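# Descriptive structure summary
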Amino acid sequence: MTNFIPIFPLGIVVYPGENLNLHIFEPRYKQLISECHTAKRPFGIPTIIDSRLQEYGSLVEISELTKVHENGEMDIKTKGIKIFRILEVIKEVPDKLYSGAIVTYPDNYESGNPEVMRKVMSGIRELHQLLKVSKDFTKEDDKMKSYDVAHHIGLSLEEEYELLGLFDERQRQEYLKRHLIKAIPFLAGMEQLKEKIKLNG
């Protein structure tokens, strides 16, 4: 399926199912959000990396218009729906301040391997322990999806975007597992180095 969507490019990656709060202050995006909220229509957040618009992003819906400030700025709650790929950017939309895009929606296979996900979750807990971070996940380990945890394992923006471009949950699980296999020994080594420096002090 191909269709036109208004776009709100940002230097972040939004995953399907993710809740995202936004503060809207630019006139073009105030117009976009007002129109989408009134019409109950979704909009797209394509990722910007190094000042360049990337081809993938997430379609999001406005779940709540939390506050409209006196100057017209808005606080909103949104939720990621699905991933799109930009076929063409429409920079000037008639009578609109914002841009849009013609997009298509790649097939996305959501079924993963519960055993691999359990290993990923175990790795995440080990990573968080090393970082002295406390994070409660609301679902059982084998019910978690890669999108649920991708923002919590220290991926760079480029790596988060790479994950966005994988359309099979098993591939995404393997991607996270490989990242953790590299990150955990590196951090453990750093911890040992810190302890050694303390002792030598």
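Residues numbered from 1 in each chain as written. Predicted model: local features only at pLDDT ≥ 70, side-chain atom pairs only at ≥ 80, totals over all residues. Heavy atoms only, no water.

Within the structure shown, the criterion is met by 10 salt bridges. Among the ionic pairs, E115 bridges to R118, the shortest N-O distance being 2.8 Å. With E115 and R118 both in helix α2 (residues 114–131) and 3 residues apart, this pair spans about one turn of that helix. Given a relative accessible area of 39%, E115 falls into the partly exposed group. Its salt-bridge partner being D141, residue R125 comes within 2.9 Å of it at the nearest N-O pair. Placement of the pair is R125 in helix α2 and D141 in the loop between α2 and α3 (146–149), with a sequence separation of 16 residues. Since its relative accessible area comes to 41%, R125 is described here as partly exposed. Here D141 falls in the partly exposed class, since its relative accessible area comes to 21%. (Salt bridge = Lys/Arg side-chain N within 4 Å of Asp/Glu carboxyl O. Helix = DSSP H or I, 4+ residues; strand = E, 2+ residues; numbered from the N terminus. Buried < 20%, exposed > 50% of the residue type's maximum accessible area, 1.4 Å probe, protein only.)

This part takes up the side chain of R172. As for its position among the elements, R172 is in helix α5 (residues 169–200). The exposure class of R172 is buried, given its relative accessible area of 0%. A polar side-chain atom of R172 sits 3.5 Å from the main-chain carbonyl oxygen of Y109. Excluding residues within four positions of it along the chain, R172 makes contact with N108, Y109, E110, S146, Y147, L163, L166 and F167. (Polar contact = N/O pair within 3.5 Å; in protein donor to acceptor, adjacent residues only side chain to side chain. Contact = heavy atoms within 4.5 Å.)

Within the secondary structure, I102 sits in strand β6 (residues 100–104). Take I102: its relative accessible area is 24%, and that puts it in the partly exposed class. Spatially, the C-alpha atom of I102 lies 5.5 Å from that of N3, the residues being 99 residues apart in sequence. Apart from the residues lying within four places of it in its own chain, the contact partners of I102 are T2, N3, F4, R85, I86, L87, E88 and I90.

Okay, the pairing of strand β2 (residues 19–24) next. Burial along β2 is one-sided: the face carrying L20, L22 and I24 is buried and the face carrying N19, N21 and H23 is not. In this structure, β2 lies alongside strand β5 (residues 74–90), joined through 6 bridges in antiparallel fashion. In the strand pairing of β5, N21 is matched with K77. (Pairing = 2+ DSSP bridges.)

Nonpolar side chains tend toward joint burial in soluble globular proteins. Grouped together as the largest cluster of nonpolar side chains are 27 residues, with contacts concentrated most on I124 and V149. Elements with a contribution of two residues or more to this core: α2, α3, α4 (157–164) and α5. In terms of residue count, the dominant contributor to this core is α2 (6 residues). Not counting chain neighbours up to four residues away, the residues in contact with V149 comprise M117, M121, I124, F137, M144 and L176. (Core = buried A, V, L, I, M, F, W, Y, C linked by side-chain atoms within 4.5 Å.)

To continue, consider the packing of aromatic side chains. Scanning the entire structure with this criterion turns up 5 aromatic pairs. Ring geometry for Y15 versus Y147: centroids 5.3 Å apart, planes at 20 degrees, classification stacked. Remark: Y147 occurs in helix α3 and Y15 occurs in the loop between β1 (2–6) and β2; sequence separation between them is 132 residues. Judged by centre distance (6.4 Å) and plane angle (45 degrees), the rings of Y56 and Y161 are tilted. Here Y56, found in strand β4 (residues 52–68), pairs with Y161, found in helix α4; they are 105 residues apart in sequence, far enough to count as distant. Summarising the burial analysis for this pair, Y56 and Y161 share the class buried. Aromatic ring contacts, followed pair by pair, group F8, Y29 and F43 into a single cluster. (Phe/Tyr/Trp six-rings, centres within 6.5 Å; stacked < 30°, edge-to-face > 60°.)

Turning next to α2. For α2, spanning 18 residues, the distance from its first C-alpha to its last is 25 Å, which sits close to the expected 26 Å at 1.5 Å a residue. Residues V116, M117, V120, M121, G123, I124, L127 and H128 constitute the buried set of α2. The buried side chains of α2 occupy one side of the element, clustering within an arc of 165 degrees when seen end-on. The opening residue of α2, the one whose side-chain oxygen lies 2.9 Å from the backbone nitrogen of E115, is N113. Phi turns positive one or two residues past the end of α2, at K132, with a value near 55 degrees. (Expected span 1.5 Å × (residues − 1). Arc of directions from axis to C-beta.)

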